[in-house]
Amino acid sequence: MPDTSPPFLEARGLAKRFPGVRALDGVDLDVGRGEVVAVIGENGAGKSTLMKILAGVQTPDAGEIRVEGHPVTIDSVRAAEALGIALIHQELNLCDNLDVGANLFLGREPRRGAFVDGARIEKDAAALLERVGLDVLPGTIVSELSIGRQQMVEIAKALSTDARLLIMDEPTSSLSQRETKHLFRVIRDLKARGVSVVYISHRLGEVKEVADRVVVLRDGRNSGGLAKGEIGHGAMVKLMVGRELTQLFPHEARSPGSAALEVVGLRTPVHPRHEISFTLCAGEIVGVAGLVGSGRSELLAALFGVERAAGGSMRVEGRSVVFRRPLDAIRAGVALVPEDRKAQGLFLEMAVRENLSIAWIRDRGTFVDPAAEGAMAGAAIAQLRIKTPHDLQLALFLSGGNQQKLVLGKWLAMNPRVLLLDEPTRGVDVGAKQEIYRLMDEFAARGVAILFVSSDLEEILGMSDRALVMHQGRIAGEVPRAGLSEESVMLLATGSAA
Amino acid sequence: MKKTWGVLGILLFVIALTAILNPRFLGDKNLLTTLRWSSLYAIISIGAAFVIITGGVDLSIGSVVGLSGTLLALLLEKGTPVGLAIAIVLVLSAAIGFAHGLLVTKMRLQPFIVTLCGLLIYRGVARVITDDQSQGFGNSYPRLHALVEPVGILGAAIPVPFLIMAAIAIAASIFLNRTVWGRYLFALGRNEQAARYSGINTHAISIMAYVVCALLSGWGGILMALDVNSIQPAQFGNFYELYAIAAAVLGGCSLRGGEGSILGVVIGSAVMRVLYNAINILGIPNTWEFVIIGLVLLGGVVTDELVRRWAARRRAAREAEEPLLKG
């Protein structure tokens, strides 16, 4: 009998806006019964938003979703579950203090009178665990399982709700190779039973292995699709990138000065087996590209003494240094603008002035001189063009871009020799982005060596004198300014380059 | 600053109400006692405020008060010179605070647990070293007792504990508001991670706060012991940590950390003491003491929370009218 029935899921024209960002701008997605569809795209292409909409975590502003041909509204996770759609988060959603059986039936425990029916849980759990090939007892506490096994529990939990479409968001990001192989076996098995899978991953090698079809997103739109036979690294990267450079980058290439930061064989606690070596010169801007989880933030954390390095050596302007805490790095002339400005960079309920002076006051004697402090803050506000009614305003009330300038302004008076920036323009609008780029260029012009991590490829291409591309904890390659292109960076970042 | 006005309002209200209902409240002797004990409470409450501003808590204050008072009496009875005895008590108090700080920072234990254990241990030690026998100073040590007597200043009798408290409060206030370390203390309480990323030695600052707290508890314990002159090791100082925390919170400290003013804490301590005094002087059965103090405290924090929400709503409404700020 020819299959004329509609695909399990059809989504048409899905759109979702967040303040200042068009996350999805008319995306289509079809998933057939028992089909494995990989959704790929750069950071920020809209993958996560799409998945959240399908799973009922967020509701779309526009668009239509059909399940088995019937128009549906998915306005809650419960509604998605009722339709047979389950999302398996990148961060697992298990209560790791409870045992496997309790997790599988959390919130819908079989009961006998007022009591939980433990015997039934045990029996049903065993059957579910067998379906995912997991050889553990239902009474095992979840925290005692490896991440890979916890993920299997999560899949089993989804199956227990009769899920017919599993959405997996970066399922292998913390799995070992063996665990990944097992996951793929389970996916093939699910497929054979008619369960559909939407598989989101940055790892193109895995996509090639597991997907029946690839859907590529770029800037919140469909940029293309690949059928099984067409799936290849080159084809995927080509569809993921290829944007026009739409922004002005003020950076001018300069001849770099003497070595400001030399890193030899540095090993971070997260990737202790991978050695990282590079040199950063005065007046140079070096971008660090790579996908989420490739070890970029961990590198900066080690360079600033937030996390002690597991090994290796560092020199700042020729002097050997060991950073046990950020204070050591600051004293050596290294400054960091951290990734999460609200959690790591700012004192939101303190004044603009106090945020700017917090590092500077250290060497100013026992008493804080309000006049000198005000002058220092005033100079930073003027130079960085921070928009604030007065310097006693709480940092809380500033816009994202001005908050970011505040974090940068903290280091202005410290005359850093090396400036580390982690996602310096995340969550700021285009105007503020340009100002931050201009400030980076000004720092470089004064001979500061700049190392910046960014998930925004345009930024890497526009601002870097050269780029270091990280992949799975190591530097996969270095691209000089002349050779910088989206393709060259993405090939290294996805581990596709030979 | 707004909170300081609030707690001052509560204080004046309670004073006015009590004075109207029983004019004996304003009698010289009663006023002196109330002022003296308000000051003694304030000394330990200022210590509590230091720890609370870091985002921590110290539940061992009452037991440190008990131990230091008991130990002082015991040392003097054994013939230890007065100066040496006081020094021993203060050094021991500082060491207790240092231990709390180390356990909280280096071992990453929760302040609540660390100081709860302290509460039990120091109380127990006080009872063990005295074999649970009550201690006292009798009529000896007149110079020591002068620490809790009134002195005549410009014709008025001022209790010495008030002068000591005022000196401590001024020093603490200058420290918190004018020095780099005070700034760090607030920054640490607001956002510990950002403080570390800004190069602040967060461990050293935390430890300092616990040392200040224990030291002031020890010093407060010495003065209180001299005042009561008869010390029951099992009871002396019981619940004082809760009075101190209550006074600090009434005075504007948030248990979330990063907030607080010394003046507010001093006034908060006075509220605690005046309430206690009012219950006695108005002839309310003292079985009601905890009920009334608890209700006033609860009323204070509920009002504070309501004001905070009202302000946030007003701010949200104002922002909704403005276009989204960018850049």
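The shown structure was predicted, so the numbers you read here are calculated from the model rather than taken from an experiment. (Residues numbered from 1 in each chain as written. Chains lettered and ligands numbered in written order. Predicted model: local features only at pLDDT ≥ 70, side-chain atom pairs only at ≥ 80, totals over all residues. Heavy atoms only, no water.)

1. Quick notes on the sheet that holds strand β6 (residues 85–88) of chain A
Residues and elements named next belong to chain A.
Next up, step 1: Read across the open sheet, the six strands follow the order β6-β9-β10-β3-β11-β12; overall the sheet is mixed. The strands lining the two open edges of the sheet, one partner per strand, are β6 and β12 (221–227). Along the sheet, successive strands turn relative to each other by an average axial angle of 20°, direction set aside.
Next up, step 2: Pairing between strand β3 (residues 36–40) and strand β10 (residues 196–200): four bridges, direction parallel. Note that in β10 the partner of alanine 38 across the bridge is tyrosine 199. (Pairing = 2+ DSSP bridges. Helix = DSSP H or I, 4+ residues; strand = E, 2+ residues; numbered from the N terminus. Axes fitted to C-alpha atoms, helices over the stretch in contact; angles between N-to-C directions.)

2. Observations concerning the sheet that holds strand β18 (residues 334–337) of chain A
Residue and element names in this part refer to chain A.
Next up, step 1: Overall, mixed pairing links the six strands, which are arranged β18-β19-β20-β15-β21-β22 in an open sheet. Looking at the sheet topology across the chains shown, the edges are occupied by β18 and β22 (474–480). Across the sheet, the mean angle from the axis of one strand to that of its neighbour is 20°, orientation sign disregarded.
Next up, step 2: Two elements, strand β21 (residues 466–471) and β22, share six bridges in a ladder whose sense is antiparallel. Paired with valine 469 across the bridge in β22 is glycine 477.
Next up, step 3: Across the sheet, helix α9 (residues 296–303) lies against β15 (285–290), β18, β19 (418–422), β20 (449–453) and β21, angled at about 145° from β19, the strand it touches most.
Next up, step 4: Strands in contact with helix α14 (residues 400–412) are β18 and β19; relative to β18, the strand with the most contacts, it is inclined by about 170°. (Contact = heavy atoms within 4.5 Å.)

3. Structural notes on the packing of helix α4 (residues 118–131) of chain A against helix α5 (residues 147–160) of chain A
Residue and element names in this part refer to chain A.
Next up, step 1: α5 packs onto α4 with a crossing angle of 115° between their chain directions and a minimal axis gap of 9 Å. Relative to α5, the element α4 is oriented roughly perpendicular. Crossing geometry of α4 relative to α5 is assigned as right-handed. Across the interface between the two elements, Leu128, Leu129 and Arg131 of α4 pack against Ala156, Leu159 and Ser160 of α5.
Next up, step 2: Tallied by class, the residues present in the contact of α4 with α5 amount to four nonpolar, one polar and one charged. (Parallel < 35°, antiparallel > 145°, perpendicular 65-115°, else oblique. Left-handed = near helix turned anticlockwise from the far one by under 90°. Nonpolar A, V, L, I, M, F, W, Y, C, P; charged D, E, K, R; others polar.)

4. Some thoughts on a nonpolar patch on the surface
All names here are of chain B.
Next up, step 1: Together, Phe112, Ile113, Leu116, Leu120, Ile121, Val125, Val128 and Ile129 make up a nonpolar patch on the protein surface, roughly 720 Å² of accessible area in all.
Next up, step 2: Along the chain, isoleucine 113 turns up in helix α5 (residues 111–130).
Next up, step 3: Among the residues examined, isoleucine 113 registers a relative accessible area of 42% and is labelled partly exposed. (Patch = residues over 30% accessible without salt bridge, like charges linked within 9 Å, V, L, I, M, F, W, Y side chains within 5 Å. Areas by Shrake-Rupley, 256 points an atom, 1.4 Å probe, with all protein chains shown as cover. Salt bridge = Lys/Arg side-chain N within 4 Å of Asp/Glu carboxyl O. Buried < 20%, exposed > 50% of the residue type's maximum accessible area, 1.4 Å probe, protein only.)

5. Brief notes about the side chain of serine 39 of chain B
Next up, step 1: In this structure, serine 39 of chain B sits in helix α2 (residues 28–53).
Next up, step 2: The residues touching serine 39 of chain B, leaving out its near neighbours within four places in the chain, are Pro161, Phe162 and Met165 of chain B.

6. Quick notes on the nonpolar core
Next up, step 1: Ranked by internal contacts, the top residues of the largest apolar core, which has 185 residues, are Val214, Leu303, Phe304 and Leu451 of chain A together with Ile46 of chain B.
Next up, step 2: In terms of residues, this core owes the most to one element, α2 of chain B, which gives 13 residues.
Next up, step 3: Looking at which domains feed residues into this core, each of domain 1 (9–240) and domain 2 (259–493) of chain A supplies at least three.
Next up, step 4: Setting aside residues up to four positions removed in sequence, leucine 451 of chain A forms contacts with Phe278, Leu280, Val286, Val288, Leu300, Leu303, Leu419, Leu420, Leu421 and Leu468 of chain A.
Next up, step 5: By size, the runner-up hydrophobic cluster in this structure holds 35 residues, among which are Val142, Ala163, Leu183 and Tyr199 of chain A. (Core = buried A, V, L, I, M, F, W, Y, C linked by side-chain atoms within 4.5 Å. Domains from an automatic or database assignment.)

7. What about the pattern of salt bridges?
Next up, step 1: On inspection of all chains with the given rule, the structure shows 33 salt bridges over all chains.
Next up, step 2: Between glutamate 423 of chain A and arginine 296 of chain A there is a salt bridge, with the nearest N and O atoms lying 3.8 Å from each other. Residue glutamate 423 of chain A is found in the loop between β19 and α15 (430–445), and its partner arginine 296 of chain A is found in helix α9; the two are separated by 127 residues along the sequence. Side by side, glutamate 423 of chain A and arginine 296 of chain A carry an identical accessibility label, which is buried.
Next up, step 3: Linking arginine 36 of chain B and aspartate 227 of chain B is a salt bridge whose minimum nitrogen-to-oxygen distance equals 2.5 Å.

8. Focus on helix α8 (residues 180–190) of chain B
Next up, step 1: Taken across its 11 residues, α8 of chain B has nine buried, putting it largely inside the fold.
Next up, step 2: Within α8 of chain B, the full set of buried residues consists of Val180, Gly182, Arg183, Tyr184, Leu185, Phe186, Ala187, Leu188 and Gly189 of chain B.
Next up, step 3: If you follow the buried residues of α8 of chain B, they end up packed against α12 (352–357) and α13 (370–384) of chain A together with α2, α7 (160–178), α9 (192–197) and α10 (202–228) of chain B.

9. Details of the state of the cysteines
Residue and element names in this part refer to chain B.
Next up, step 1: Under the definition given, this model contains zero disulfides over all chains.
Next up, step 2: Looking at cysteine 117, it has no disulfide partner, and the nearest cysteine sulfur is the one in cysteine 213, 16 Å off.
Next up, step 3: Classification of cysteine 117 by relative accessible area gives partly exposed; the value is 38%.
Next up, step 4: Unpaired in terms of disulfides, cysteine 253 finds its nearest cysteine sulfur in cysteine 213, a separation of 11 Å.
Next up, step 5: Classification of cysteine 253 by relative accessible area gives buried; the value is 4%. (Disulfide = S-S within 2.5 Å.)

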